[in-house]
Amino acid sequence: MNPSLKTLVFACRWCPLLGAERAGRERLALPPDFRLIPMECAGAVSPDLILRAFADGAHGVAVMGCHFGGCRHNGANRSAHTRLQLLSAALEAVGIRPARLFVSWGTAHEARQFAGVLSDFQARIRALRKEKDLPLLRGNFTPGHDREMRP
Amino acid sequence: MKKAVLFCTCCGTISATLPPDRLRDALGARLLSAYGKEGPQPACEEFYACSMLCRREESEAALNSVLASGAEAVLAAGCSLSARGFETMKFLGGSTLAEWADIREACAWIHEDAPDGALRKAADILCMGLAALERRAAVAEKPPPCDFPTGEVLVIGGGPAGLACAGALGKMGVRAVLAERRAALGGMLTQLGLLFPRFISGPELAEELIRDVKHIGVQVLPKTTVSGVQPVPGGYRAVLNGKNGEEERRFDAVVLAAGALPVLPRGLYRYGELTGVLSQLELETSLGRVESGQKEALALPRQAVFLQCVAARDENNPYCSAVCCPTSLKNAIRLRSLRPDGSVTVVHRNIATPGKHLEALYRRATASGVLLRSHDPAVTPECLGTERVEGLRFRDALNGEDTVLPADAVVCSTPLKPLPDTLKLAGSLGLRTDGMGFACAREPVQPVSPSGAGIFICGAARWPATVEHCLEQGRAAAAKAAAYMRGIGSCSGDSRCLPVVPQTFWELMPDSACRLPSAEVNGEKCSRCGRCAAVCPYGACFLPEDAGMRVDARKCARCGSCAAVCPTGAASLPGETVAVLRARIKEALSR
Ligand code: SF4
Ligand code: SF4
């Protein structure tokens, strides 16, 4: 495991954040390469923020929220989902693999669910990096597939 | 700005993975590498370790020494927010700018087997908190003014749900205004005879409810239609058409209790052509007359056949209206007791009587000799007779045979359907309607609050309901509306008043220290594109004619969606601005 791998996890505090905290209470061992950012609602994660996170060097970004129909903010997660789907398409266009963005709704409310979902994502990022041992773009966007990821 | 870190070892469980001195060094090195010696902040001048920050004595002592050392902001690091974080942060936030960092559940306890990684991560988490503190202090703290509340709730509809709601509001000390389009209050109650399960008459119950409402001082507006309700900043503006002509009035909250429309079996089963083919409502009225002694029992049918699901569960009204089976069974029981010499047969597709009371009603009906026959809906039953109805032909669902039941009355049970006016109102309030055309709340979590921002809905306007259920829903809506009004009551005239939207994070912490201001729009940056209004789940964004977007502090629930879609960066949540989030992300990723 490369210690410099970094994954950002935006977790809405109504569902995945609870899962994360429960995972902590159950002391489920997880690789320490993710950073949790608690949000009031996953709807507040703007595509711009995610793009900049990639530009700042994030290897992976996960956005997790409540299940559809279970949003505390009158379905703000649905519109967020639409936005993030559009973002996925845009990522492809600027040379960032959409697989590096993970969007998931209502899958991480319990400790083991959270740990499972997160480990899967981290494994995916690690595999991506191995498969394409390419520099990660940083600071400014330079389109092109050779700029996938920094080793 | 001088900042201090309060590090809680959580009785050694955090420090087992993250020894305080090593963490302090890691943090120092991390800050140094990120910002250089004389680079920009965030630098952290003080680092205090304590063992149980959640103990009030300990947090008080730590806070005092931090403040004495001249620090202006505190980053407390310990357990997760949902453990003791909220509480402790609430206390610290009372006297200084405070921020919480979870290094227990999010770090120390899950990375026990990777101490180096854990240490790096903890340093990152602390830096994220420090950076957020820095940006937070830079946020200008001038909340925009908002309109003072009127203190009034508009209840639309004076039927059972509306009356129960207005009465309950009055009892809770909330000023309610009840608008009824007819001259008399009571709605459907005035047309109903004995009601289940209390077996008191509809008009009697109406009288009881009206007495309550009048006694408690609810302002009643009879003969008043509400022709439109618009959300406006700070509440709702309703157009009332009453005896003083058209009038506009502002309300803090609106309860939609406008009921539904009983369908008549027009054009079906030779209704209107044969005497003796009745609607359930007509039978209800004549039963009521006999019970009150205005009519002879002999005028009632002797061989009655009730036909269920007339104009219901078909292409036009594809739903089960939920009130017709209970009404039929209730009237069957009444008819049996008024004409013990006669017979009552209910011809049905299946009987829907869920719940404790309705199950009891079903049992009582069968015990009192009401016959139940199920028919095959593939074959439409037929009323026989020339001038008077003589019988009903239907295909029995059990033996598949065509059967003719002699009858001197065929009573058609028809459903309730949405009222066009109610739908128009719901539309102007931005409420969704379900597939059947009724207005939606947020079932099953919030059965009477469609959006959480001061609109409530009860009674048959949201789904056909028995009188008993209408009363319950009316009272439920009143409870919700009263809680909403109480939130508004603490309005201090600026947008820092407590968010009144239920179930948000900040409601759990109603202390002034933790009241975050609502979302804000920077009028100069705003391009008036309207995206925030399109996405705001609470309808809290308003676009004035000539200025930038305005956020209604009372409806805003601080979800942050507007900030996420604003292309110009004009909309933001103070305290969790894009700058703060960006700072957090930068810290998380820089190394
Ligand atoms: S923060 Fe959410 S509720 Fe408040 S104005 Fe923005 S979108 Fe609406
Ligand atoms: S999204 Fe931003 S720019 Fe557009 S109207 Fe709202 S505040 Fe103004």
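**Side note on the pattern of salt bridges**
In the structure shown here, the tally under the stated rule is 30 salt bridges over all chains. The partner of A:Arg126 in a salt bridge is A:Asp33, with the nearest N and O atoms 3.6 Å apart. One end of the pair, A:Arg126, is in helix α4 (residues 111-131); the other, A:Asp33, is in the loop between α1 (16-25) and β2 (34-39), and 93 residues separate them in sequence. The buried category is assigned to A:Asp33, whose relative accessible area is 3%. Between B:Arg104 and B:Glu105 there is a salt bridge, with the nearest N and O atoms lying 2.9 Å from each other.

**Considering the site of ligand 2**
Around ligand 2 sit 14 residues, and of these B:Cys526, B:Cys529, B:Gly530, B:Cys532 and B:Cys566 come closest. Its residues assigned to classes, the shell around ligand 2 shows nine nonpolar, three polar and two charged.

**Re the site of ligand 1**
Within the structure, ligand 1 sits among 14 residues, and B:Cys536, B:Cys556, B:Cys559, B:Gly560 and B:Cys562 are positioned closest to it. When the residues that make up the shell around ligand 1 are grouped by side-chain class, the tally is eleven nonpolar, two polar and one charged.

**Focus: the interface of chain B and chain A**
Chain B puts 48 residues into the contact, and the matching count from chain A is 43 residues. Buried surface at the junction of chain B and chain A, summed over both partners, amounts to about 3800 Å²; 58% is from carbon and sulfur atoms. Along the contact surface separating chain B from chain A lie five salt bridges. With a shortest N-O distance of 2.9 Å, A:Arg25 and B:Glu105 are connected by a salt bridge. Linking chain B to chain A there are 14 residue pairs in polar contact (both at pLDDT 80 or more). Sorting the residues of the side of chain B that touches chain A by element identifies α3 (81-93), α4 (104-108), α5 (115-138), α14 (561-565) and α15 (578-589) of chain B as the ones contributing at least two each. Per-class residue counts for the side of chain B that touches chain A are 24 nonpolar, eleven polar and 13 charged.

**As for the nonpolar core**
Nonpolar side chains in soluble globular proteins tend to end up buried together. Residue and element names in this part refer to chain B. Ranked by internal contacts, the top residues of the largest apolar core, which has 42 residues, are Leu 6, Leu 18, Leu 53, Leu 92, Ile 103 and Leu 126. Of all the elements, α5 adds the most residues to this core, at eight residues. Sequence-distant contacts of Leu 126, that is, excluding residues within four places in its chain, are made with Val 5, Leu 23, Leu 27, Phe 47, Leu 75, Ala 77 and Ala 101. Ranked by size, the runner-up nonpolar core spans 40 residues in total, among them Val 153, Val 174, Phe 456 and Ala 482.

**Digging into the sheet that holds strand β6 (residues 175-179) of chain B**
Residue and element names in this part refer to chain B. One open sheet accounts for five strands, arranged β7-β6-β5-β11-β22; its pairing is parallel. Only two strands of the sheet have a single neighbouring strand rather than two, namely β7 (219-221) and β22 (455-457). Averaged over all neighbouring strand pairs, the angle between strand axes comes to 20 degrees, with direction disregarded. Alignment of strand β5 (residues 152-156) against strand β11 (residues 253-256), held across four bridges, turns out to be parallel. Of the residues in β11, the one forming a bridge with Leu 154 is Val 254.

**Quick look at the sheet that holds strand β3 (residues 60-65) of chain A**
Residue and element names in this part refer to chain A. Taken in spatial order, the four strands line up as β2-β1-β3-β4 in an open sheet, and their pairing is parallel. Edge positions in the open sheet fall to β2 and β4 (101-105), since each of these has one partner strand only. Each adjacent strand pair in this sheet contributes to an overall mean axis angle of 15 degrees, direction not counted. Sheet analysis places strand β1 (residues 7-12) next to β3, joined by five bridges and oriented parallel. The partner of Leu 8 across the bridge, within β3, is Val 61. Across the face of the sheet, α1 comes into contact with β1, β2 and β3 while running at roughly 115 degrees to β1.

**Focus on helix α10 (residues 356-367) of chain B**
Turn by turn, an α-helix covers 3.6 residues, leaving residues three or four places apart pointing in a common direction. Residues and elements named next belong to chain B. Compared with the 16 Å implied by 1.5 Å per residue over twelve residues, the 17 Å span of α10 between its first and last C-alpha is a close match. Within α10 the residues assigned to the buried category are Leu 358, Leu 361 and Ala 365. When α10 is viewed along its axis, its buried side chains cluster within an angular range of 50 degrees and face the same direction. Facing away from the buried surface of α10 by more than 90 degrees, the exposed residues are Lys 356, Arg 363 and Ala 367. Contacts from the buried residues of α10 go to α9 (324-338). A positive phi of about 90 degrees marks Gly 369, the residue just after α10.

**A short note on the pairing of strand β8 (residues 225-232) of chain B**
One face of the sheet, then the other: side chains in a regular strand alternate in exactly this way. Residues and elements named next belong to chain B. With seven bridges joining them, β8 and strand β9 (residues 235-242) adopt antiparallel strand pairing. Bridging across to β9, Val 232 finds its partner in Gly 235. Counting the residues that bridge the hairpin from β8 to β9 gives two residues, and of these Gly 234 lies at a positive phi of roughly 90 degrees.

**With respect to the side chain of B:Asp396**
Residue and element names in this part refer to chain B. Within the element layout of this structure, Asp 396 appears in the loop between β18 (391-395) and β19 (402-406). At a separation of 2.7 Å, a polar atom in the side chain of Asp 396 contacts the main-chain amide nitrogen of Leu 398. The residues touching Asp 396, leaving out its near neighbours within four places in the chain, are Arg 373, Ser 374, Asp 376, Glu 401 and Thr 403.

**Structural notes on the packing of α9(B) against α10(B)**
Angle between the axes and distance between the axes: these two values describe a pair of packed helices. Residues and elements named next belong to chain B. Packing of α9 against α10 leaves a shortest axis separation of 9 Å and a crossing angle of 40 degrees. Comparing their axes, α10 and α9 come out oblique. Relative to α10, α9 is oriented so that their crossing is left-handed. Across the interface between the two elements, Pro 326, Leu 329, Lys 330 and Ile 333 from α9 touch Leu 358, Leu 361, Tyr 362, Arg 364 and Ala 365 from α10. Among the residues making up the contact of α9 with α10, the classes are represented as seven nonpolar, no polar and two charged.

Thresholds, definitions, all that
- Residues numbered from 1 in each chain as written.
- Chains lettered and ligands numbered in written order.
- Predicted model: local features only at pLDDT ≥ 70, side-chain atom pairs only at ≥ 80, totals over all residues.
- Heavy atoms only, no water.
- Salt bridge = Lys/Arg side-chain N within 4 Å of Asp/Glu carboxyl O.
- Helix = DSSP H or I, 4+ residues; strand = E, 2+ residues; numbered from the N terminus.
- Buried < 20%, exposed > 50% of the residue type's maximum accessible area, 1.4 Å probe, protein only.
- Near = heavy atom within 4 Å.
- Nonpolar A, V, L, I, M, F, W, Y, C, P; charged D, E, K, R; others polar.
- Contact = heavy atoms within 4.5 Å.
- Buried area = accessible area lost by both parts, 1.4 Å probe.
- Polar contact = N/O pair within 3.5 Å; in protein donor to acceptor, adjacent residues only side chain to side chain.
- Core = buried A, V, L, I, M, F, W, Y, C linked by side-chain atoms within 4.5 Å.
- Pairing = 2+ DSSP bridges.
- Axes fitted to C-alpha atoms, helices over the stretch in contact; angles between N-to-C directions.
- Expected span 1.5 Å × (residues − 1).
- Arc of directions from axis to C-beta.
- Parallel < 35°, antiparallel > 145°, perpendicular 65-115°, else oblique.
- Left-handed = near helix turned anticlockwise from the far one by under 90°.

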